[in-house]
Amino acid sequence: MAFLPLCTTDEIEAGASLRVEPDNLPPLAIFNLDGEYFVINDTCSHGDASLCDGEIEDGEVECPWHNAKFCIKTGKALTFPAVEAQKTYLTRVVDGKVGIEV
Ligand code: FES
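Residues numbered from 1 in each chain as written. Predicted model: local features only at pLDDT ≥ 70, side-chain atom pairs only at ≥ 80, totals over all residues. Heavy atoms only, no water.

Student: Can you explain the pattern of salt bridges? Please cite residues and give values.
Tutor: With the rule as written, the count across this model stands at three salt bridges. R19 is the partner of D42 in a salt bridge, and the nearest nitrogen-oxygen pair spans 2.6 Å. One end of the pair, D42, is in the loop between β4 (36–41) and β5 (55–57); the other, R19, is in strand β2 (residues 17–20), and 23 residues separate them in sequence. Taking relative accessible area as the criterion, D42 reaches 0% and is therefore assigned buried. For R19, a relative accessible area of 36% puts it in the partly exposed group. Ionic pairing is found between E101 and R92, a salt bridge with its closest N-O pair at 2.4 Å. (Salt bridge = Lys/Arg side-chain N within 4 Å of Asp/Glu carboxyl O. Helix = DSSP H or I, 4+ residues; strand = E, 2+ residues; numbered from the N terminus. Buried < 20%, exposed > 50% of the residue type's maximum accessible area, 1.4 Å probe, protein only.)

Student: If you had to explain the packing of aromatic side chains to someone new, which residues and values would you point to?
Tutor: With the rule as written, the count across this model stands at zero aromatic pairs. It is K87 that lies over the ring of Y89; its NZ or CZ is 4.9 Å from the centre. (Phe/Tyr/Trp six-rings, centres within 6.5 Å; stacked < 30°, edge-to-face > 60°. Lys NZ or Arg CZ within 6 Å of the ring centre and 35° of its normal.)

Student: Let's hear about unusual backbone geometry: which residues, and what values?
Tutor: Here the residue pair F80 and P81 is connected by a cis peptide bond, since its omega of 5 degrees sits within 30 degrees of zero. Its place among the elements puts P81 in the loop between β7 (69–71) and β8 (88–89). A positive phi is found at D58, a non-glycine position, where the angle reads about 50 degrees. The residue D58 is located in the loop between β5 and β6 (60–62) in this model. Given the relative accessible area of 71%, D58 is considered exposed.

Student: Describe the sheet that holds β4, listing the residues and the values that go with them.
Tutor: One open sheet accounts for four strands, arranged β2-β3-β4-β8; its pairing is antiparallel. What marks the edges here is a single partner per strand, and that holds for β2 and β8. Bridging between strand β3 (residues 28–33) and β4 involves six bridges; their strand directions are antiparallel. In the sheet register, F31 faces β4, and the bridge partner there is F38. (Pairing = 2+ DSSP bridges.)

What follows is the structure, given as structure tokens:
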């Protein structure tokens with residue numbers, strides 16, 4: 001496993017998200033939940049929407065297309081029409097950089 005930095009901590013305010021497109025990986029959504037960072041696949045498992053365009057509330061993100069909700073921490077699909085979880089990534093902060101283990 002190797003640490004892949006994706007952004008700096010100050011690029012995402014608490015309660016916000018950032019979409020990144022690293023090489024050799026699908027687009028990723030990085031979320032800042034009160035200073036804790038989580039990374040999941042950005043493209044909704046139900047369609048092609050970007051979850052970074054969705055509303056974030058209570059640790060959940062709502063897809064902007066058909067309003068499915070996902071748990072940001074676990075990627076679990078919480079409401080219809082999404083039934084498949086979003087892939088999650090082991091996320092760490094190292095020297096002010098948010099990244100994942102790949
Ligand atoms: S594309 Fe996300 S719920 Fe349909």
